[in-house]
Amino acid sequence: MRLELASYEVKDVRLGPRTALRSGVLEIDAGEMRALLCQDPVFEDVKVELARPGEAVRIVHLLDTVEPRVRVSAPGSDFPGFLAPPLTVGEGRTHRLAGVAVMGAAELPLSLGGLNVKEAIVDMAGPAAPLTPFSRTLNVILAFKVRDGLTYREYDEAIRRAGLRAAVRLAETSRGLDPDRVEGFELTAADPVLPRVAYTCLLMQEGDAHHMFVYGRTVDETPSLLHPNEFFDGAIVSGDHHMAAHRNPTYVHQNNPVVRELYRRHGQALAFAGVVISKCLTWSFFDKQRSASYAAKLARLLGAQGVVITAGTSGHGVADLMLNCQEAERLGLKTALTCFEMAGDEGAECGFVTFAPEADAVVSTGNMDEVIELPAMERVIGGDTIIDIGNYEGGGGAPAIGRLKTALHRIYCCATLVGAGRMTAREM
Amino acid sequence: MGRIRMVHYLNQFFAGVGGEKHADLPPAIRLGPVGPGLPLQEALKGEGEIVATVYCGDDCVNANGDEVIRAILELVARHRPNVVVAGPAFASGRYGVACGAVAQAVEARLGIPALTAMSPDNPAVELYRRLVPIIPTESSPATMKEIVVAMARLALKRGRGEPLGSPEEDCYIPRGIRKNVVEARPAAERVVELLLAKLQGEPYRTEIPFPQVELLTPAVPLADVRIATIALVTSGGVVPKGNPDRIEARRASRWSRFSIADLDDLTAEDFECVHGGFDHDLVAEDPDRALPVDALRELEREGKVGRLYEYCYATVGAGAPIDRARRFGREIGEELLAAGVQAVILTAT
């Protein structure tokens with residue numbers, strides 16, 4: 001199973017009369033995009049806005065983010081299970097617009113009880129910019145205005161589909177053009193002396209706003225296997241609207257940095273054995289144990305001696321992470337994990353709801369409780385007011401364009417769990 | 001920046017003005033280095049100088065508290081130092097506390113960077129390690145020479161206004177405080193490298209050491225539940241309609257107490273769930289699902305439990321810092337004990 005990923009490096013993005021890619025400049029016809037997405041009656045309007053690295057721009061109310069990709073050869077289709085039948089992808093040829101991120105932003109006119117959509121902010125400049133991968137991308141923001149009176153599920157599904165559709169539409173501009181580079185991904189036979197390493201990717205599934213999709217369906221209790229190439233082809237789509245800091249949007253799975261790193265070292269330092277996907281936020285201890293044990297068994301069936309486990313989310317998702325670690329270690333597999341911290345604004349508290357003694361190789365994606373002061377920006381995209389839920393982060397209800405003191409919880413993907421970010425916490 | 005100006009703080013013994021019986025000596029000052037200040041000055045290698053030495057009896061600081069600290073700060077401030085160094089105090093508890101208190105006050109009130117040094121088992125370490133950098137020493141002054149080198153290096157760095165590095169870089173006792181930094185490489189590369197080192201049997205270091213958590217011993221079981229008074233306490237966010245105590249949806253800063261004296265059942269008309277960390281449609285429909293007053297009343301009627309206490313306690317557990325949760329538990333527990341409650345049913349989400 002070989003996938004050729006052709007990258008088209010985009011140097012700039014602008015609005016113009018025709019959607020096209022020319023000499024590394026992506027031009028977008030906002031009217032055409034609006035017409036395409038407003039075919040869905042959920043939307044009253046969709047505004048296309050741009051934000052570039054270094055600009056004094058704040059983006060708020062962020063939902064999912066997608067990289068523009070299009071499948072250009074059989075078999076398979078774009079975002080299977082959403083835009084096409086749920087048939088296996090990861091083989092053939094796919095184009096990507098490297099350096100571009102399609103970001104959905106919306107304020108939904110309804111309250112969801114406990115699982116409300118949390119505020120999510122990207123600053124393209126200033127002190128928060130180095131903390132998120134999305135201050136370095138050319139961002140195409142789809143600011144959705146939705147009709148009143150629908151259910152969360154209707155809004156959520158429409159917005160997700162629109163983001164995917166827009167990403168494919170933009171990637172279509174690469175058809176017939178020469179790519180800047182082509183990478184081939186294939187699990188070739190590796191020297192048997194190399195350690196075999198599997199990747200267990202925990203995916204959240206709790207309910208509306210807290211869910212991830214695999215081929216169009218939410219993750220169920222029984223772990224399963226993925227070929228690493230399937231990540232690159234949109235098999236995993238995000239509905240994670242939980243705390244912005246540790247979200248794993250579709251974009252980070254399309255570019256899953258653990259999958260990329262294991263591929264990069266495949267055949268040299270290790271043999272990449274494959275990927276196990278396992279649900280986190282399982283409701284009962286029975287199911288948590290069952291999933292963790294099952295996932296460890298699958299990694300062993302892949303012949304792995306070691307496994308990288310990335311956390312899926314916070315709360316009792318940490319219990320899933322620790323159980324996965326324990327079960328793998330119990331089978332004799334060495335583990336290394338990623339995990340966020342919630343160590344209080346001073347960093348002086350215990351940052352975990354639970355922790356296993358076997359978890360002795362853990363990479364921190366940072367303390368999300370730390371407070372940051374954001375300067376005022378010149379322009380704001382996505383909304384006017386900071387969402388106020390519980391307001392423990394500070395600044396809820398404040399004007400989005402102004403100065404803002406907030407816990408890092410609201411900084412989109414600064415502690416993203418699949419390891420795309422560079423933030424960590426260190427004992428001082 | 002020219003030479004770093006340093007003020008050194010010592011106790012009466014190291015200042016050479018007397019032993020234990022002079023421990024009540026009031027604050028005093030001498031120009032230039034004194035005692036351990038001489039090797040410290042040498043370790044500064046001309047990049048800094050000890051402009052004055054302030055000293056005080058250990059008992060005087062420990063017994064008189066803030067009044068003496070203020071007098072010491074006044075002496076320190078006169079010499080406009082770029083940095084203040086206290087000690088080393090080695091294993092001496094009273095001297096350690098004095099060094100910690102002076103260094104902390106210099107930082108907090110004069111806004112001048114400070115540091116101290118003492119042995120890791122000095123009781124002052126627990127009191128001050130979060131507030132000021134403490135360089136670890138052996139318990140006796142035999143190793144003075146190496147210690148002053150580490151002290152001088154950090155003093156010069158801090159005196160120049162450079163930020164404090166990690167405990168490894170700057171050789172101080174970890175403060176138990178975790179600060180965010182931006183790494184050169186993303187987490188994914190680091191986690192794969194960590195695993196490879198572990199697989200190859202090479203040394204590796206986790207970025208998150210096993211957290212120090214307190215293990216609790218469960219209370220002695222009730223002798224007879226049929227005569228016990230039992231209270232209901234929840235972190236599930238069930239509160240009277242309107243949330244009169246304004247419990248926050250996440251990371252609650254307070255708890256609520258409300259009467260259930262006349263109630264057999266919690267209804268959606270009178271109670272709501274304000275928890276911000278789970279889908280609470282089912283609890284909103286019937287609040288007893290998170291705070292089971294109805295079930296306890298039934299057991300009470302059947303004589304299976306003695307009595308349901310007439311107040312419930314509620315907070316929201318979502319994202320709760322452990323220190324705060326511990327305080328809530330203590331506060332609620334004390335009230336329940338005082339009211340003669342013998343057991344608590346804690347419901348979470």
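The rules behind these values
- Residues numbered from 1 in each chain as written.
- Chains lettered and ligands numbered in written order.
- Predicted model: local features only at pLDDT ≥ 70, side-chain atom pairs only at ≥ 80, totals over all residues.
- Helix = DSSP H or I, 4+ residues; strand = E, 2+ residues; numbered from the N terminus.
- Rg over C-alpha atoms; globule rule 2.2 N^0.38 Å.
- Buried ≥ 20, exposed ≤ 12 C-beta atoms within 10 Å, placed from the backbone.
- Contact = placed C-beta atoms within 7 Å.
- pLDDT = per-residue confidence, 0-100.
- Pairing = 2+ DSSP bridges.
- Axes fitted to C-alpha atoms, helices over the stretch in contact; angles between N-to-C directions.
- Nonpolar A, V, L, I, M, F, W, Y, C, P; charged D, E, K, R; others polar.
- Parallel < 35°, antiparallel > 145°, perpendicular 65-115°, else oblique.
- Left-handed = near helix turned anticlockwise from the far one by under 90°.
- Domains from an automatic or database assignment.
- Core = buried A, V, L, I, M, F, W, Y, C linked by C-beta atoms within 7 Å.
- Expected span 1.5 Å × (residues − 1).
- Arc of directions from axis to C-beta.
- Right-handed = clockwise from strand over helix to strand, strands pointing away.

### Describing the overall build of chain B
At step 1: The helix and strand tally for chain B stands at eleven helices and 14 strands.
At step 2: Expected size for 349 residues packed as a compact globule is a radius of gyration near 20 Å; at 28 Å, chain B overshoots this value by more than 25%.
At step 3: Sorting the 349 residues of chain B into buried and exposed places 44% on the buried side.
At step 4: Taking contacts inside chain B between residues at least 6 apart in sequence as the whole, the part at least 24 apart equals 71%.

### Details of the confidence of the model for chain B
At step 1: In this model, chain B carries an average pLDDT of 92, and 99% of its residues clear a pLDDT of 70 or more.
At step 2: Listed scores for the predicted complex are pTM 0.85 and ipTM 0.96.

### Considering the sheet that holds strand β3 (residues 20-22) of chain A
All names here are of chain A.
At step 1: The three strands lie next to each other as β2-β4-β3, forming an open sheet whose pairing is mixed. Taken across any chain shown, the strands that pair with only one partner, and hence form the sheet edges, are β2 (12-15) and β3. Across the sheet, the axes of successive neighbouring strands diverge by a mean angle of 20°, strand direction being ignored.
At step 2: Two elements, β3 and strand β4 (residues 25-28), share three bridges in a ladder whose sense is antiparallel. Counted as the bridge partner of L21 is L26 from β4.

### Observations concerning the interface of chain B and chain A
When the parts come together, some accessible area is lost, and that loss is often what is quoted as the size of the interface.
At step 1: Across the contact, 50 residues belong to chain B and 60 residues belong to chain A.
At step 2: Contributing elements (two or more residues each) for the side of chain B that touches chain A: β7 (178-182), α8 (187-199), α9 (281-285) and α11 (322-338) of chain B.
At step 3: With eleven residues, the single largest contributor to the side of chain B that touches chain A is α8 of chain B.
At step 4: When the residues that make up the side of chain B that touches chain A are grouped by side-chain class, the tally is 25 nonpolar, nine polar and 16 charged.
At step 5: Two elements, strand β26 (residues 423-427) of chain A and β7 of chain B, share five bridges in a ladder whose sense is antiparallel. Within the sheet, the bridge partner assigned to M423 of chain A lies in β7 of chain B and is V182 of chain B.

### Things to note about the environment of L154 of chain B
All names here are of chain B.
At step 1: You can see L154 is positioned in helix α6 (residues 144-159).
At step 2: Separated by 15 residues in sequence, L154 and E169 have C-alpha atoms that sit 9.6 Å apart.
At step 3: When sequence neighbours within four positions are dropped, the list of residues in contact with L154 reads L115, P133, I135, D170, C171 and Y172.

### Some thoughts on the packing of helix α1 (residues 30-37) of chain A against helix α2 (residues 152-171) of chain A
Residues and elements named next belong to chain A.
At step 1: Orientation of α1 relative to α2, taken along the N-to-C sense of each, is 140°, at an axis distance of 10 Å. It follows from the interaxial angle that α1 and α2 lie oblique. Read as a crossing pair, α1 and α2 show a hand that is right-handed. On α2, the residues that touch M33, L36 and L37 of α1 are A162, R165, A166 and R169.
At step 2: Across the contact of α1 with α2, the residue classes break down as five nonpolar, no polar and two charged.

### Considering unusual backbone geometry
At step 1: Along the chain, G87 of chain B connects to P88 of chain B via a cis peptide bond; the corresponding omega equals 15°.
At step 2: Structurally, P88 of chain B is set in the loop between β4 (83-86) and α4 (93-110).
At step 3: Located in the positive-phi region is F79 of chain A, a residue other than glycine, with phi close to 40°.
At step 4: Residue position: F79 of chain A is located in the loop between β8 (69-71) and β9 (92-98).
At step 5: Positive phi, close to 50°, is recorded for K45 of chain B, a residue that is not glycine.
At step 6: Among the secondary structure elements, K45 of chain B is positioned in the loop between α1 (37-43) and β3 (48-56).
At step 7: On the neighbour-count criterion, K45 of chain B (11 C-beta atoms within 10 Å) is exposed.

### As for the domain arrangement of chain B
At step 1: Taken domain by domain, chain B holds domain 1 (4-170) and domain 2 (225-347).
At step 2: Between the C-alpha centres of domain 1 of chain B and domain 2 of chain B the distance comes to 50 Å.

### Details of the packing of helix α6 (residues 285-301) of chain A against helix α7 (residues 317-330) of chain A
Residues and elements named next belong to chain A.
At step 1: At a closest axis distance of 8 Å, the pairing of α6 and α7 adopts a crossing angle of 45°. Viewed along their axes, α6 and α7 adopt a mutual orientation that is oblique. Considering the relative orientation of α6 and α7, their crossing is right-handed. Contacts between α6 and α7 involve K288, Q289, A292, S293, A295, A296 and A299 from the first element and A319, D320, L323, N324, E327 and A328 from the second.
At step 2: Residues belonging to the contact of α6 with α7 are distributed by class as follows: seven nonpolar, three polar and three charged.

### Considerations on the nonpolar core
Residues and elements named next belong to chain A.
At step 1: Formed by 152 residues in total, the largest nonpolar core has its most connected members in I59, A105 and V197.
At step 2: A total of ten residues in this core trace back to one element, the largest contributor, which is α2.
At step 3: When residues no more than four places from it in sequence are discounted, the contact partners of A105 are I59, V60, H61, L62, L63, I141, L142, A143, F144, I381, G382 and G383.

### Quick word on helix α3 (residues 66-78) of chain B
Residues and elements named next belong to chain B.
At step 1: Its 13 residues place the ends of α3 18 Å apart at the C-alpha level, agreeing with the 18 Å of an ideal helix rising 1.5 Å per residue.
At step 2: Every buried residue of α3 is listed here: V68, I69, I72, L73 and V76. What you see down the axis of α3 is that its buried residues fit within an arc of 140°, all on one side.
At step 3: Where the residues of α3 are buried, they touch β1 (4-11), β3, α2 (58-64), β4 and α4.
At step 4: One or two residues past the end of α3 sits R80, with phi positive at roughly 40°.

### Regarding the sheet that holds strand β24 (residues 379-381) of chain A
At step 1: With respect to topology, three strands assemble into an open sheet ordered β11-β6-β24 (chain A), the strand pairing being mixed. Looking at strand neighbours, the two that pair on one side only are β11 (122-123) and β24 of chain A, the edges of this open sheet.

### Things to note about the pairing of β4 of chain B
Residues and elements named next belong to chain B.
At step 1: Burial along β4 is two-sided: the residues V83 and V85 and V84 and A86 are all buried.
At step 2: As defined by bridge partners, β1 adjoins β4 across four bridges and the pair is classed as parallel. When the sheet's bridge partners are listed, M6 is paired in β4 with V83.
At step 3: As paired strands, β4 and strand β5 (residues 114-118) are joined by three bridges and run parallel to one another. Bridge pairing in β5 links V84 to A114.
At step 4: This β-α-β element, β4 to α4 to β5, shows right-handed connectivity.

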